[in-house]
Amino acid sequence: MTALKAVTALKKARRRMVPVAALAAGAAIALTGCSSGQISQTADQVAAINGNHADVGKVALRNVHIVFPAQGTEYNNTKGGKAIIALSIVNNSPSVPDELTSLTTDLGTVKITPAAGKSTVELAPQQTVVAATKPVKTAAPAADAHGATPTTPAAPTSAKPDAHGTEHADVAEATVDPEARPILIEITGLTKDITPGLTYNVAFNFKQNGTVQLQVPVDAGASTARQESDKSGATEAEHKGGH
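On a predicted model such as this, the values are computed, not experimentally measured, just so you know.

Q: Please clarify how the overall build of the protein chain should be interpreted in this entry.
A: From N to C terminus, the protein chain includes two helices and 12 strands. Taken from the N to the C terminus, the helices and strands of the protein chain come in the order α-β-β-β-β-β-β-β-β-β-β-β-β-α. For the protein chain, with 243 residues in total, the buried portion stands at 23%.

Structure (structure tokens):
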């Protein structure tokens, strides 16, 4: 009788364990479905800027990238065509100016157009220079009915008394937005197609601070569609729905 009771008790214990194991397995499958395709804390993160960055001496290069070609422009990023490099250049020196003398790359010949009214790309101390994402056309002042071209009004002046009480005119210095007077950096005669997702080596040469090599990415553009495949993770809507 003792052996019979032991066998009966063992069978009852096994019956109780089967539902518990099934519930545990179901919970594990549900959790796996919710987290599939995601990396914790990084699933929704995106790059803060499109471009790369580098420092050489006192000069900082920020958001360096090749511009995605826009429709209706002369820039197509294809072999034999043209492309634009955009970036911000900061001279962090408190007192020493510098100059961007040239760029070199195996993508083609680089042409630098200084800001309007300048013959070189000057980097004054504590100044930022911006390379435009498209050509900037400066409109010439229109002539009047007599054929005379109007002149630009002079900067406002303010009078300051000296130690003897005599007032002297002092020309006010205007604060210039770097984006209002950008430079233009073009790559002409492209030796190959420029493809979003890849990087291309470009050397930036400065008169005082030397040369820095940088892998420059291509702006993907706002209209570039995401490529889905059987290896792609679930979309954001699939992750958020029902969890």
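Q: When you look at the confidence of the model for the protein chain in this model, what are you seeing that I'm missing?
A: Keep in mind that low pLDDT regions are not for reading the predicted coordinates in detail. Mean pLDDT over the protein chain works out to 73, with 53% of the residues at or above the 70 mark. With pLDDT under 50 throughout, residues 138–145 is counted as low confidence; its partners more than four residues away or in other chains account for eight contacts. Counting interchain partners and residues more than four positions distant, the pLDDT-below-50 stretch residues 231–243 has 14 contacts.

Q: When you look at unusual backbone geometry in this model, what are you seeing that I'm missing?
A: Leaving glycine aside, a negative phi is the common case for residues, and trans is the common case for peptide bonds. Despite not being glycine, asparagine 63 shows a phi value in the positive range, around 50 degrees. In this structure, asparagine 63 sits in strand 2 (residues 59–66). Judged by relative accessible area, which is 26%, asparagine 63 ranks as partly exposed. Even without glycine at this site, glutamine 126 takes up a positive phi of about 60 degrees. Structurally, glutamine 126 is set in the loop between strand 6 (121–123) and strand 7 (128–131). Among the residues examined, glutamine 126 registers a relative accessible area of 54% and is labelled exposed.

Q: Sorry, what's going on with the sheet that holds strand 12 (residues 210–217) here?
A: With antiparallel pairing, the four strands of this open sheet are ordered in space as 6-4-11-12. The sheet is open, and its two edges are formed by strand 6 and strand 12, each paired on a single side. Put simply, the sheet's adjacent strands are angled 35 degrees from each other on average, direction ignored. The pairing of strand 11 (residues 199–206) with strand 12 spans eight bridges and is antiparallel. Note on strand 12: the bridge partner recorded for alanine 203 is glutamine 213.

Q: Could you clarify how one ought to interpret the pattern of salt bridges in this entry?
A: Any two side chains of opposite charge can pair, so long as their charged atoms come close to each other. Applying the stated criterion across every chain, the model contains four salt bridges. The partner of lysine 82 in a salt bridge is glutamate 74, and the shortest N-O contact between them spans 2.9 Å. For glutamate 122, the salt bridge is made with lysine 118, and the minimal N-O distance between the two is 3.5 Å. The partly exposed category is assigned to lysine 118, whose relative accessible area is 42%. Through salt bridges with shared partners, a single network forms among Glu74, Lys82 and Glu186.

What counts, and where the lines are drawn
- Residues numbered from 1 in each chain as written.
- Predicted model: local features only at pLDDT ≥ 70, side-chain atom pairs only at ≥ 80, totals over all residues.
- Heavy atoms only, no water.
- Helix = DSSP H or I, 4+ residues; strand = E, 2+ residues; numbered from the N terminus.
- Buried < 20%, exposed > 50% of the residue type's maximum accessible area, 1.4 Å probe, protein only.
- pLDDT = per-residue confidence, 0-100.
- Contact = heavy atoms within 4.5 Å.
- Pairing = 2+ DSSP bridges.
- Axes fitted to C-alpha atoms, helices over the stretch in contact; angles between N-to-C directions.
- Salt bridge = Lys/Arg side-chain N within 4 Å of Asp/Glu carboxyl O.

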